[in-house]
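Observations on the three-dimensional arrangement
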Amino acid sequence: MSRARCHLRTALFLAAVSPRGATTGVAARRGLSAWPAPQEPGMEYQDAVRTLNTLQTNANYLEQVKRQRGDPQTQLEAMELYLARSGLQVEDLDQLNIIHITGTKGKGSTCAFTERILRNYGLKTGFFSSPHLVQVRERIRINGQPISPELFTKHFWRLYNRLEETKGDSSCVSMPGYFRFLTLMAFHVFLQEKVDLAVMEVGIGGAYDCTNIIRKPVVCGVSSLGIDHTGLLGETMEKIAWQKGGIFKCGVPAFTVLQPDGPLAVLRDRAQQISCPLYLCPPLEALEEGGPPLTLGLEGEHQQSNATLALQLARCWLQRKDHQAGIGELKVSRPSLLGQLPLAPVFQPTSHMRHGLRDTEWLGRTQLLRRGPLTWYLDGAHTTGSMQACVRWFRQALHRRERPGSSGSEVRVLLFNSTGDRDSAALLKLLQPCQFDYAVFCPNLTEMSSMDNADQQNFTVTLDQVLLRCLTHQQHWSRLREEQASPDLWSTPTPEPGGPASLLVVPHPPHSTSSLVFSCISHALQWISQGRDPVFQLPSPPRGLLAHPVASSGAIILQEAAAIHVLVTGSLHLVGGVLKLLEPSLSQ
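Below is a summary of the structure that appears in this document. This structure is a prediction, so every number in the text was calculated from the model and none was measured. (Residues numbered from 1 in each chain as written. Predicted model: local features only at pLDDT ≥ 70, side-chain atom pairs only at ≥ 80, totals over all residues. Heavy atoms only, no water.)

**Quick look at the overall build of the protein**
For the protein, the count of helices and strands is 19 helices and 16 strands. Counting only residues that meet the buried cut, the protein has 56% of its 588 residues in that class. Of the contacts formed within the protein by residues at least 6 apart in sequence, a portion of 78% connects residues at least 24 apart. Here the protein displays about 24,100 Å² of accessible surface, and carbon together with sulfur accounts for 52% of that area. (Helix = DSSP H or I, 4+ residues; strand = E, 2+ residues; numbered from the N terminus. Buried < 20%, exposed > 50% of the residue type's maximum accessible area, 1.4 Å probe, protein only. Contact = heavy atoms within 4.5 Å. Areas by Shrake-Rupley, 256 points an atom, 1.4 Å probe, with all protein chains shown as cover.)

**With respect to helix α18 (residues 549-560)**
Between its first and last C-alpha, α18 extends 17 Å over 12 residues, near the 16 Å set by a 1.5 Å rise per residue. Buried residues of α18: Ala551, Gly554, Ala555 and Leu558, and no others. Considered in projection along α18, the buried side chains sweep an arc of 115 degrees and stay on one side of the axis. In this structure, α18 carries Pro549 and Glu560 as exposed residues pointing more than 90 degrees from its buried face. Looking at the packing, one finds that the buried side of α18 touches β13 (410-416), β14 (438-441), β15 (514-517), α17 (521-529) and β16 (563-569). (Expected span 1.5 Å × (residues − 1). Arc of directions from axis to C-beta.)

**Remarks on the environment of Lys105**
Position of Lys105 among the secondary structure elements: in the loop between β1 (98-102) and α5 (107-119). For the pair Lys105 and Thr383, spaced 278 residues apart in the sequence, the C-alpha separation amounts to 7.7 Å. The contact partners of Lys105, leaving out residues within four places of it in the chain, are Ser223, Ser224, Asn306, Thr383, Gly385 and Ser386.

**Re the pairing of strand β5 (residues 197-201)**
Of all the 5 residues making up β5, 5 are buried; the element is thus mostly covered by neighbouring parts of the structure. Of the two faces of β5, the one holding Leu197, Val199 and Glu201 and the one holding Ala198 and Met200 are both buried throughout. Direction of pairing for β1 relative to β5: parallel, over a ladder of 4 bridges. Residue pairing for β5: Ile99 is matched across the bridge by Val199. In this structure, strand β2 (residues 125-128) lies alongside β5, joined through 4 bridges in parallel fashion. What sits directly across from Thr125, in β5, is Leu197. (Pairing = 2+ DSSP bridges.)

**Some words on helix α9 (residues 237-244)**
Turning to α9, its buried residues are Met237, Ile240, Ala241, Gln243 and Lys244. Down the axis of α9, the smallest arc covering the buried residues is 160 degrees, so these residues share one side.

**Section: the packing of α5 against helix α12 (residues 303-320)**
Where α5 contacts α12, the two axes come as close as 8 Å, and the packing angle between them is 45 degrees. By the criterion of interaxial angle, the relationship of α5 to α12 is oblique. Pair α5 / α12 crosses with right-handed handedness. Taking contact as the criterion, the partners of Ser109, Thr110, Phe113, Thr114, Ile117 and Leu118 in α5 are, on α12, Gln303, Asn306, Ala307, Leu309, Ala310, Leu311, Leu313, Ala314, Trp317 and Leu318. (Axes fitted to C-alpha atoms, helices over the stretch in contact; angles between N-to-C directions. Parallel < 35°, antiparallel > 145°, perpendicular 65-115°, else oblique. Left-handed = near helix turned anticlockwise from the far one by under 90°.)

**A short note on the pattern of salt bridges**
Following the criterion strictly, the structure yields 12 salt bridges and no others. With a shortest N-O distance of 3.4 Å, Lys167 and Glu164 are connected by a salt bridge. Since its relative accessible area comes to 35%, Lys167 is described here as partly exposed. Residue Glu583 is joined to Arg371 by a salt bridge in which the shortest nitrogen-to-oxygen separation is 3.5 Å. Separated by 212 residues along the polypeptide, Glu583 in the segment after α19 (572-582) and Arg371 in strand β11 (residues 367-371) bring together distant segments of the chain. What makes Glu583 partly exposed here is its relative accessible area of 23%. Classification of Arg371 by relative accessible area gives buried; the value is 9%. Linked through salt bridges whose partners overlap, the residues forming this network are Arg116, Arg358 and Asp359. (Salt bridge = Lys/Arg side-chain N within 4 Å of Asp/Glu carboxyl O.)

**Regarding the environment of Leu431**
Within the secondary structure, Leu431 is located in the loop between α15 (424-430) and β14. Using a relative accessible area of 0% as the deciding quantity, one classes Leu431 as buried. C-alpha separation for the pair Leu431 and Gln388, spaced 43 residues apart in sequence, amounts to 8.2 Å. Excluding residues that lie within four positions of it along the chain, Leu431 makes contacts with Met387, Val391, Leu414, Phe416, Phe436, Trp477, Leu567 and Thr569.

**Concerning the side chain of His155**
When you line up the elements, His155 lands in helix α6 (residues 149-165). We classify His155 as buried; its relative accessible area is 4%. The contact partners of His155, leaving out residues within four places of it in the chain, are Met185, His188, Val189 and Gln192.

By themselves these figures say nothing about function.
Have a look at this one:
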């Protein structure tokens, strides 16, 4: 065990760290070495994933990306070269009936709704998304299910060896990066499995995303836009909208949900420049006229815009592929007053569509797990817009669970992490109205050692870096709590957008919140659950789990609480690590 690892076990393995002076908590720097790439095909799934993980730190590829970052066309040409070396041409992708979806928040949920609706028509579906929560094979699905470990392993080694064989001279970057490799692999899987359609989620952006080598999608969609990945996409909503609109193709219909005026105008102009017919989706209520209310399998008011986009995408695909299935328009498209875009048709959803929306599952997004006295609220919100939606959903869910006259104490716990260049202080500020009793921070590491879990290894950061970031989160939280105690607290409250009157942010005395930092997700869950989750049961807590006074006193409160409400948010990777421990079947 390295000296740095020993230092981390003694100094940061502890259950809590004082927020003051936290920046001196870790001094050492330690890199995480990549697992050596196996040379022989036919190996186990975990060996394939470990080799895939080496592409996270492919130095040649990363240098190439830096050179090409300002030139989307060069990046797409590089992707076409990788595609050719893998044995496919761009023309081969025309065989796939692709629905291409981008956006800042909700694009994954929109994909899930769309895929489930079309699968209800008896179609064989492919689904490519990112990131994964528990296992990397979740990113490539057939008929809604992650491909099997055997199928993943077979396609991985076939593609990996093919790229190795065709790397040519030393000037050629032999391997694409992690996401590009999985995109290539998805194309191969969908073609070999002969899917009727493929729902493809854009990774980051649109114009230069590696999925954008698709020339002839059947239909495109843009979910809600917001500020995210500013280093790559730009600092304004308009710049981000320009990037997202990069997936539009000449003559291919596209749909978007209601956006702020500026980004909507950019999307309109982007579409007009290439003769792409772009439509604005009507609200979900308009599609409910004359029929029973639509039930969504995903909770939260913000899912309504994702559902209405999914309905338009599915309907468009069905009509263009001669699967009319009794879809009738109720009203003719007409110009909207917003952004001069025509409104998408208003139609009566079919029973297949209704059941598809109702039966949609998308783990880690507005997901509830009820376990004895514990209720886990899981949502991978990581932008300001998605965090606002997450807070509304969480508070409304708490409001629905309130029982008049109920006895016993209730404890609210926040489990949070944020990665990359995201503004964690801004995200944590949005969480203040939830009045948590404890704020817990930990890295996206399921256990202290991830060597036995290749699916969740991340070689792009060091252990010291992620722990220092958690200490920074804790400092932000402490400062926010101090600010809340200022006289400004008693200013006139403003309603929470979209929230019921009973959930307004009203003046209240400062709510005392204790904050803790844990070295991994497992230790955080052990402290939060205190052995009271009937599924998450470990033999004994690690040494030092209750060493800090806050952890020790809090343990007693959690043990005696009648109900414990835990919101897990800030990072989909954090949510994935929590799900891995709370739902062991997902790892099988």
